[in-house]
Amino acid sequence: MTRDPDWEADLRRYDMRRPFLKEQSIWAIWVYRWGRRIEARPAGLSRKIANLFYWLAFRLVETVFGISLPRTARIGPGLRIWHFGNIFLHGDVVIGAGCTLRQGVTIGNRREGGPVPVLGDNVELGAYAQVLGAVHLGDGCKVGAMSVVLDDVPPGATAVGAPARVIARTSAGSLASASSELLQKDMT
Ligand SMILES: CC(C)(COP(=O)(O)OP(=O)(O)OC[C@H]1O[C@@H](n2cnc3c(N)ncnc32)[C@H](O)[C@@H]1OP(=O)(O)O)[C@@H](O)C(=O)NCCC(=O)NCCS
Ligand SMILES: CC(=O)OC[C@H](N)C(=O)O
């Protein structure tokens, strides 16, 4: 069987014995990676038959677990999805390596035919986060549960609320704002 380093990285994020018996989301990720591998095969009868089985598996996982990861989306290695249900990605989204999604997450357009988000590496989305439109989520940023992201989020920042606002940046950024608060206190 062909090695798939992206899938191997996904599996490492499910750091447990027998994840297929415990985590519904791993089925969805497996089907997604399998679909990508099928697309990379040379055209021919074997790819046509595989595509038929892929399509059935995709619809089954989408319907039973409520996780829709279209194989046209580009998802980096090491994806982790906590829980399942109502997780929908637009087919054009781009997601970096080591990202984390949760139940209820949508990553898609703001209106039919509109542009879709691009996520950097190690981005973490809380439960029911909605990321919509031509937004870029920087590396290592976090989005709070139930937040609606309509604007870019800088690397390392945390965004919460609807519409989402940035509350914190990288540790360097947090230190900078903490020291400026102290300075202001000294001056009053
Ligand atoms: C966004 C998040 C990562 C922030 O965590 P944190 O950095 O520890 O931040 P804090 O808890 O100190 O909160 C900072 C501020 O943001 C607010 N906040 C935190 N999460 C929020 C959310 N999801 N929506 C709106 N406001 C939120 C807090 O009330 C606080 O506001 P305040 O400063 O006015 O008091 C975290 O709250 C979150 O939502 N994680 C997702 C976890 C999840 O989905 N769990 C479900 C598991 S199935
Ligand atoms: C429902 C819950 O709190 O799940 C916890 C899990 N570790 C997560 O990060 O999603």
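Residues numbered from 1 in each chain as written. Chains lettered and ligands numbered in written order. Predicted model: local features only at pLDDT ≥ 70, side-chain atom pairs only at ≥ 80, totals over all residues. Heavy atoms only, no water.

- In the nomenclature of an unreviewed UniProt entry, the protein is known as Serine acetyltransferase of Herbaspirillum seropedicae.
- Among the UniProt annotations of the protein, the heading Catalytic activity (unreviewed entry) holds the following wording: "L-serine + acetyl-CoA = O-acetyl-L-serine + CoA".
- Its UniProt record, at the heading Sequence similarities (unreviewed entry), says of the protein: "Belongs to the transferase hexapeptide repeat family." (UniProt positions renumbered as here; feature names shortened; annotations may be inferred.)

**A closer look at the pairing of strand S15 (residues 165–168)**
Logical step 1: Pairing between strand S14 (residues 158–160) and S15: three bridges, direction antiparallel. By the bridge assignment, Val-160 is partnered in S15 with Arg-165.
Logical step 2: Linkage of S14 to S15, two consecutive antiparallel strands, is achieved through a turn of four residues, within which Gly-161 is found at a positive phi near 100 degrees. (Pairing = 2+ DSSP bridges. Helix = DSSP H or I, 4+ residues; strand = E, 2+ residues; numbered from the N terminus.)

**What to know about the state of the cysteines**
By definition, a disulfide links two cysteine residues through a covalent bond between their sulfur atoms.
Logical step 1: This model, assessed by the stated rule, comprises zero disulfides.
Logical step 2: Unpaired in this structure, Cys-99 has its nearest cysteine sulfur neighbour in Cys-141, at a distance of 8.4 Å.
Logical step 3: The exposure class of Cys-99 is buried, given its relative accessible area of 0%. (Disulfide = S-S within 2.5 Å. Buried < 20%, exposed > 50% of the residue type's maximum accessible area, 1.4 Å probe, protein only.)

**Quick look at the site of ligand 1**
Logical step 1: Taken together, the residues surrounding ligand 1 are His-83, Arg-102, Gln-103, Gly-126, Ala-127, Gly-144, Ala-145, Thr-158, Val-160, Gly-161 and Ile-167.
Logical step 2: Contact distances for ligand 1 include 2.8 Å between an oxygen atom and a backbone N or O atom of Ala-127.
Logical step 3: Within the backbone of Ala-145, one N or O atom sits 2.8 Å away from a nitrogen atom of ligand 1.
Logical step 4: For ligand 1, whose accessible area on its own is 910 Å², the fraction buried by protein is 38%.
Logical step 5: Of the residues that constitute the shell around ligand 1, the class distribution is four nonpolar, six polar and one charged. (Near = heavy atom within 4 Å. Polar contact = N/O pair within 3.5 Å; in protein donor to acceptor, adjacent residues only side chain to side chain. Areas by Shrake-Rupley, 256 points an atom, 1.4 Å probe, with all protein chains shown as cover. Nonpolar A, V, L, I, M, F, W, Y, C, P; charged D, E, K, R; others polar.)

**Observations regarding helix H4 (residues 45–65)**
Logical step 1: With 21 residues, H4 should cover 30 Å at 1.5 Å per step; its first-to-last C-alpha distance of 30 Å lies within 8% of that length.
Logical step 2: Phi turns positive, to about 65 degrees, at Gly-66, one or two residues after H4. (Expected span 1.5 Å × (residues − 1).)

**Focus on the site of ligand 2**
Logical step 1: All residues in the neighbourhood of ligand 2 are listed as Trp-82, His-83 and Arg-102.
Logical step 2: Between ligand 2 and His-83 there is a distance of 3.0 Å, counted from an oxygen atom to a side-chain nitrogen or oxygen.
Logical step 3: In the model, an oxygen atom of ligand 2 is placed 2.7 Å from a nitrogen or oxygen of the Arg-102 side chain.
Logical step 4: When the free accessible area of ligand 2 is taken as 300 Å², the share hidden by the protein chains comes to 47%.

**Examining the sheet that holds strand S11 (residues 136–137)**
Logical step 1: Pairing within the open sheet is parallel, and its four strands lie in the order S2-S5-S8-S11. Strands at the two margins of the open sheet, each flanked by one partner only, are strand S2 (74–75) and S11.
Logical step 2: As paired elements, S2 and strand S5 (residues 94–95) share two bridges and run parallel to each other. Paired with Arg-74 across the strands is Val-94, a residue of S5.

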